[in-house]
Structure formats: C-alpha cells, structure tokens
Amino acid sequence: MENDKHNKKKGKYFIYLLMFLGCALIVASVCIFIWWQVSIAKNAEKLKEYVAIINERLPETQSAVLEEKSDYSMAVLSIENNDFIGLLTFEKNKSVFPVCATWKDVNSFPCRLCGSVYDSTVIIGATEQKGQIDFTESIFVSDTITFTDMLGNCYSYRVEDIKNSNNADYKNLANENSDMVLFIKRTYSQEYLIIECKNT
C-alpha cells in the first residue's frame, strides 16, 4: 500500500512536470514568433529608409541600354556598412528595393549573388517575407521590372519565365538566355521562386 501511494505521488509529480514543460514550450514558441515578427517589421522599415537615402543620393535617372564595356564592375553606395549597387523596382505595384552588392543578409534586403547588370549575368536573391517581395502571387510573365544603378542609369526588363524550384544553386539559376535572374525564398517552405528576365 505504501509503495502504491508513493508511486501514485511520483506519477502525479511527473504529470505536473510534463504539463509545466509543455506550457514552457508554448510560451517560448510564442515569444520566438513575436520576436520574429518584430524583426521582420524592423527590417521592412529599415529597407524603406535605405530606399529613401539612395533616392536622395542618386543623380538624375535616365533610361539606359546595355552596351559593350571594358569594365563591368558596378558602382556602390555605402550606407551603414552596407554596400548597395542599385534599386530594383516592380513597376506594376511600384515596389522598390535596395540591392546589396554582396551576399550578406538576404532577410534584410535583396542581395546580389553574383554577376553584373552590364553584362547580363546578374543574379539577385530575396525573400517573400513581409516588407520584401511579399507579392509573389501577383508577379506574372510580361511584367516590367527595372534596375537603377548608382549612376542613375535605369535598365528595363520583361519577365520571361517564372518557375518554382527546391534549390537555388548557381547551376539552377544561371541562364544564358536571361539578362537578369531573381530568386525569392518562400517564407514557409524550402522552395524558391525563380524569375528570369530579359532586357527590353
């Protein structure tokens, strides 16, 4: 009898411990989710600040065409230890994003993976989290996207192809028939949306 009582008491304590741990995990999950949402909101605001600063410092913009160059390197503008090569604009909904010169923090702003706009080899990565390219469902073939470099040259592109992929390695992204490739990380999956563009 004594052993039975002791075992029942131990069983109750174990159940209480499991309930406590379960509650703790729920609270921790909620806190992490809130922190994630706050971080996304802060990144979105910072992104807007960068766009405003770049627009202030850009020379007068003008339409430009791709042509042969002896040097395909791109001018950069440094803001808060981040080097930017230009502004990416989705003309249909007037969404504008700064593009970082190097693969740095793609959760904060779109980043160049490699290449140059001037020789049609540029590949740019981004995410669809709120504040970035969070309108992927409204991007269609024939949409117009522009890239404005730090010299004020504005290059126009037409979306030629859109596809989903479970990887974003260079071999999957590089396309000699495209003049600019964008790949966007899906928020709630390991998939990417790949957008192939042609200069117009």
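Computed from a predicted structure; not experimentally measured. (Residues numbered from 1 in each chain as written. Predicted model: local features only at pLDDT ≥ 70, side-chain atom pairs only at ≥ 80, totals over all residues. Heavy atoms only, no water.)

So, the side chain of Arg-186
Considering the arrangement of structural elements, one finds Arg-186 in the loop between strand E9 (180-185) and strand E10 (192-199). Looking at Arg-186, its side chain comes within polar contact range of the side chain of Asn-164, at 3.0 Å. The residues contacting Arg-186, other than those within four sequence positions of it, are Glu-128, Thr-136, Glu-137, Asn-164, Glu-191, Tyr-192 and Leu-193. (Helix = DSSP H or I, 4+ residues; strand = E, 2+ residues; numbered from the N terminus. Polar contact = N/O pair within 3.5 Å; in protein donor to acceptor, adjacent residues only side chain to side chain. Contact = heavy atoms within 4.5 Å.)

Focus on the confidence of the model for the protein
Interpretation of the predicted coordinates at a detailed level should be avoided for regions scoring low in pLDDT. Chain-level pLDDT for the protein is 87 on average; 84% of the residues reach the 70-or-more range. Per-element averaging of pLDDT across the protein places helix H1 (residues 2-57) at the bottom with 70 and strand E7 (residues 144-149) at the top with 98. (pLDDT = per-residue confidence, 0-100.)

With respect to the nonpolar core
One finds Phe-90, Phe-147 and Met-180 to be the most contacted residues of the largest nonpolar core, which totals 41 residues. It is strand E3 (residues 82-90) that contributes the most residues to this core, five residues altogether. Excluding residues within four positions of it along the chain, Phe-90 makes contact with Ser-95, Phe-97, Ile-133, Phe-135, Ile-139, Thr-144, Ile-145 and Leu-182. (Core = buried A, V, L, I, M, F, W, Y, C linked by side-chain atoms within 4.5 Å. Buried < 20%, exposed > 50% of the residue type's maximum accessible area, 1.4 Å probe, protein only.)

A look at the side chain of Ser-108
Within the secondary structure layout, Ser-108 lies in the loop between strand E4 (95-100) and strand E5 (111-114). A distance of 2.6 Å separates polar atoms of two side chains, one belonging to Ser-108 and the other to Asp-105.

Observations concerning the state of the cysteines
With the rule as written, the count across this model stands at zero disulfides. Among the cysteines around Cys-100, which has no disulfide bond, Cys-111 carries the closest sulfur, lying 4.6 Å off. (Disulfide = S-S within 2.5 Å.)

Re unusual backbone geometry
Positive phi, normally seen in glycine, also occurs at Glu-80, with a value near 50°. Tracing the chain through its elements places Glu-80 in the loop between strand E2 (77-79) and E3. Take Glu-80: its relative accessible area is 49%, and that puts it in the partly exposed class.

Focus on a nonpolar patch on the surface
On the surface, a nonpolar cluster with roughly 400 Å² of combined accessible area is contributed by Leu-17, Leu-18, Phe-20 and Leu-21. Among the secondary structure elements, Leu-18 is positioned in helix H1. Residue Leu-18 is classed as partly exposed on the basis of its relative accessible area, which comes to 47%. (Patch = residues over 30% accessible without salt bridge, like charges linked within 9 Å, V, L, I, M, F, W, Y side chains within 5 Å. Areas by Shrake-Rupley, 256 points an atom, 1.4 Å probe, with all protein chains shown as cover. Salt bridge = Lys/Arg side-chain N within 4 Å of Asp/Glu carboxyl O.)

Quick notes on the pairing of E3
With eight of its nine residues buried, E3 lies for the most part within the structure. The pairing of E2 with E3 spans three bridges and is antiparallel. Across the sheet, Ser-78 pairs through a bridge with Asp-83, a residue of E3. As judged from the six bridges shared by E3 and E4, these two strands associate in the antiparallel manner. For Gly-86, the partnering residue across the bridge sits in E4 and is Val-99. Hairpin connection between E3 and E4: a loop of four residues separates the two successive antiparallel strands, and Lys-94 in this loop has a positive phi of roughly 60°. (Pairing = 2+ DSSP bridges.)

A closer look at the pattern of salt bridges
Any two side chains of opposite charge can pair, on the condition that their charged atoms come close. As enumerated under the stated definition, the model contains nine salt bridges in all. Note that Glu-45 and Lys-48 form a salt bridge whose closest N and O atoms lie 3.9 Å from each other. Here Glu-45 and its partner Lys-48 are both found in helix H1, three residues apart, which amounts to about one turn of the helix. Look at Glu-45 and you get partly exposed, because its relative accessible area is 45%.

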